[in-house]
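# Commentary on secondary and tertiary structure
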Amino acid sequence: MAALNRSTLRRLQNLPQIPSVWEGDRRPLSNADSHMIVDDDDFLEGGGECILWVDGSEGVVRAMDMVGPDAGPEAIVRALLRAMEHPQSPSPAVRPQKIVVKNREIQFYLRGVLQDLGIAIDYVPELPLIDEIFRGMEEVAVNRPPELPPQYADVLMEKAAQIWHDAPWQTLREHQIISIEVNQWDVASLYVSVLGQGRMDYGVLLYRSLESLKRFRERVVNDDSFEDLEQAFLGQDCLFLTFESAMELDEDEEEIDLADLPPSEIEPNFGNLHPLEGLRSILYEEEALTMLVALEAFHRFFRNSRRKLAAETFPNLSSRYRIPVPLTDGETQQVSVKVSTMPEVSDELWQMLEDDDDDDEFEMPPLRDDLVPPNSFLSLGVVPWATVDFLRGNAQFYQGAEVDINPSGDGLPVVMIQTSHPKAKTMIQDLKEAEGVKAICFNPGEDPFQDEQYDLGILQAKNGDLYLFGEFNEDDPVHQAARQKWERRCQSTQGWCGLVIAKGLMGASRGQPQLKDMIALFEVRWVSAKDLGIGPLQLMPTF
């Protein structure tokens, strides 16, 4: 049995001992539970175990770890020492008077290791607080609604595959609108706009009203700021079907056009947008039925009218179809729909684009480099959703997103800036005075004198100021791989990411800040260089 060295024992013995009882345990987790806690693919594939140390007197978690199933008993001691010296909750460093566990082997092991610390180690048959925590995680995983109603999931995936095969974006532009009269499930008509002409985002938007469609297009044309565009996006009232790669791209693989991938590597995503709900990646039963009918009707109409739709002038076409809808009792209902092009609406939307003055003068704010202290540690990574939830309630400063972020993927992609505690507090104050952080972007830059190209990491404040947080050589393969993985994660969170400011630059946690070191979380949008709109930046000489 490994023993604590004498210096560690003295350090622990100097901690104040309080009359509290801590619960400790180590339990296997399902993959669904693991996704909520850890960012480690090995654990997810091979099964992971969670170690918890909870202060039963205060009702707070002092330490939580995920370990592999083969990890020895030393892992539970490591978590316990961290719970005493560096608790993840905002609690002081202390020793408990008593520890209770429900595993005899753990009890005997801890007695041997901690015998000089004056801590009683007892066995109990039940751990009520830890049991409640694990029950809560299991309930969240079990009760999470499916993205599609199970009875309609297969047929919706078939309809999505049809749309991908049709590739309507090769024929239709976004302003060329097609109406589908449904008159079912409280939906009169849907107005279809196709995404994909720009070879970036592929899919179809099905607006519930022309007013919502026109209002969104008008705001996209007229609103210049990212914040205005974000509000316009969230103000849409539509169902949507979009597509993404089903395979995790290699870290060193360049961004590729989805149209170049085989159909087996394309994954459809369904969802709903509404001004009062925001973005929801779940369809409920009536929404699924509406989407099923609309996609089949659109598929038939496009298949029958492809050549006419490809004409130089958007034609005036109309057709009727009877769409079979499977019912829960095994019967089939026939829904009659009418599909029509809308040349007048399309002309109106096109006129909006033509009226947009692309030559408006734009005065770019100066790019400041006085926010991030010199010698700070910077990293691009991901914070597991359990850690995000903890920081939302416990960080010294928290700027939340304007909508509930859908916890998809393995966590929230973040830019982590670690510096000393006083400088971290100064950074937070500077950003508060700038009204907070709006967006994170990577923008191209160049040094014409050295003939070098750079990736510039930029924070956009809500008052419009731009701050340089990192300067990366464009030819650095490590940075390129990290950035590509980071941006793919941003896509899975619908464009949301975070800025984490951490202390502890000179301590043992340098480069790997613990929860106690993370003192600020800003939930912000990720934007492309094109969306930021400042163009490539060039180093200018100073005289």
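Residues numbered from 1 in each chain as written. Predicted model: local features only at pLDDT ≥ 70, side-chain atom pairs only at ≥ 80, totals over all residues. Heavy atoms only, no water.

## Observations regarding the overall build of the protein chain
Secondary structure assignment for the protein chain yields 15 helices and 23 strands. Of all 543 residues assigned to the protein chain, the portion counted as buried reaches 49%. Summarising the internal contacts of the protein chain: among those between residues at least 6 apart in sequence, 69% fall at separations of at least 24. When the accessible area of the protein chain is evaluated, it comes to approximately 27,300 Å², of which 47% is carbon and sulfur surface. (Helix = DSSP H or I, 4+ residues; strand = E, 2+ residues; numbered from the N terminus. Buried < 20%, exposed > 50% of the residue type's maximum accessible area, 1.4 Å probe, protein only. Contact = heavy atoms within 4.5 Å. Areas by Shrake-Rupley, 256 points an atom, 1.4 Å probe, with all protein chains shown as cover.)

## Notes on the sheet that holds strand E2 (residues 48-55)
Across the sheet, which stays open at both edges, the five strands sit in the order E3-E2-E1-E4-E5 with mixed pairing between neighbours. For this open sheet the edge positions go to strand E3 (60-67) and strand E5 (120-123), each flanked by a neighbour on one side alone. Taken pair by pair, the neighbouring strands of this sheet meet at an average axis angle of 20 degrees, ignoring direction. Both strand E1 (residues 17-29) and E2 contribute to a ladder of eight bridges, which runs antiparallel. The partner of Arg 26 across the bridge, within E2, is Ile 51. (Pairing = 2+ DSSP bridges. Axes fitted to C-alpha atoms, helices over the stretch in contact; angles between N-to-C directions.)

## Some points on the pairing of E5
Here strand E4 (residues 95-101) pairs with E5 via four bridges, running parallel. Note that in E5 the partner of Lys 98 across the bridge is Ala 120. Handedness of the crossover joining E4 and E5 through helix H5 (residues 104-113): right-handed. (Right-handed = clockwise from strand over helix to strand, strands pointing away.)

## Focus on the pattern of salt bridges
On inspection of all chains with the given rule, the structure shows 24 salt bridges. Salt-bridge contacts for Arg 82 lead to Asp 65; the nearest nitrogen and oxygen are separated by 2.8 Å. Linking Arg 82 in helix H4 (residues 74-85) with Asp 65 in strand E3, this pair joins segments that are 17 residues apart in sequence. The shortest N-O distance in the salt bridge between Glu 287 and Arg 208 comes to 4.0 Å. In this pair, Glu 287 is assigned in helix H10 (residues 285-309) and Arg 208 in the loop between strand E8 (203-207) and helix H8 (210-222), connecting sequence segments 79 residues apart. The class for Glu 287 is buried, based on a relative accessible area of 16%. (Salt bridge = Lys/Arg side-chain N within 4 Å of Asp/Glu carboxyl O.)

## Brief notes about the environment of Gln 17
Considering the arrangement of structural elements, one finds Gln 17 in strand E1. Owing to a relative accessible area of 35%, Gln 17 belongs among the partly exposed residues under this scheme. In sequence terms Gln 17 and Met 84 are 67 residues apart; their C-alpha atoms lie 9.9 Å from each other. Sequence-distant contacts of Gln 17, defined by excluding residues within four places in its chain, comprise Arg 95, Pro 96, Gln 97, Leu 117, Gly 118 and Ile 119. Side-chain polar atoms of Gln 17 contact the backbone oxygen of Gly 118, separated by 2.8 Å. (Polar contact = N/O pair within 3.5 Å; in protein donor to acceptor, adjacent residues only side chain to side chain.)

## What to know about the packing of aromatic side chains
Using the criterion set out here, one finds ten aromatic pairs in the structure. Ring geometry for Trp 164 against Tyr 202: centres 5.7 Å apart, planes inclined by 80 degrees, an arrangement best described as edge-to-face. Here Trp 164 is found in helix H7 (residues 150-166), whereas its partner Tyr 202 is found in the loop between strand E7 (187-195) and E8, with 38 residues between them in sequence. Both residues of the pair, Trp 164 and Tyr 202, belong to the buried class. Ring geometry for Phe 442 and Trp 486: centres 5.8 Å apart, planes at 85 degrees, overall edge-to-face. You can see Phe 442 sitting in strand E18 (residues 437-447) and its partner Trp 486 sitting in helix H14 (residues 477-492), a full 44 residues away along the chain. (Phe/Tyr/Trp six-rings, centres within 6.5 Å; stacked < 30°, edge-to-face > 60°.)

## Side note on the packing of H7 against H10
Running from N to C, H7 and H10 cross one another at 30 degrees; their axes reach a closest spacing of 10 Å. Here H7 is positioned roughly parallel relative to H10, judged by the angle of their axes. For the crossing formed where H7 meets H10, the hand is left-handed. Contacts between H7 and H10 pair Gln 151, Tyr 152, Val 155, Leu 156, Lys 159, Gln 162, Ile 163 and Asp 166 from the former with Glu 285, Ala 288, Leu 289, Met 291, Leu 292, Leu 295, Glu 296, Phe 298, His 299, Phe 302 and Arg 306 from the latter. Residues of the contact of H7 with H10, tallied by class, amount to eleven nonpolar, three polar and five charged. (Parallel < 35°, antiparallel > 145°, perpendicular 65-115°, else oblique. Left-handed = near helix turned anticlockwise from the far one by under 90°. Nonpolar A, V, L, I, M, F, W, Y, C, P; charged D, E, K, R; others polar.)

## Some remarks on unusual backbone geometry
For Asn 375, which is not glycine, the phi torsion reads 70 degrees and is therefore positive. Topologically, Asn 375 is positioned in the loop between strand E14 (367-368) and strand E15 (377-383). Of note, Gln 494 is a non-glycine position whose phi angle comes to about 60 degrees, a positive value. The topology assignment puts Gln 494 in the loop between H14 and strand E21 (496-502). Classification of Gln 494 by relative accessible area gives partly exposed; the value is 33%.

## With respect to the side chain of His 479
Secondary-structure assignment places His 479 in helix H14. Since its relative accessible area comes to 6%, His 479 is described here as buried. Here Asp 455 takes part through its side chain, which lies 3.0 Å from a polar atom of the side chain of His 479. Discounting chain neighbours no more than four positions away, the residues touching His 479 are Leu 380, Phe 442, Asp 455, Phe 472 and Asn 473.

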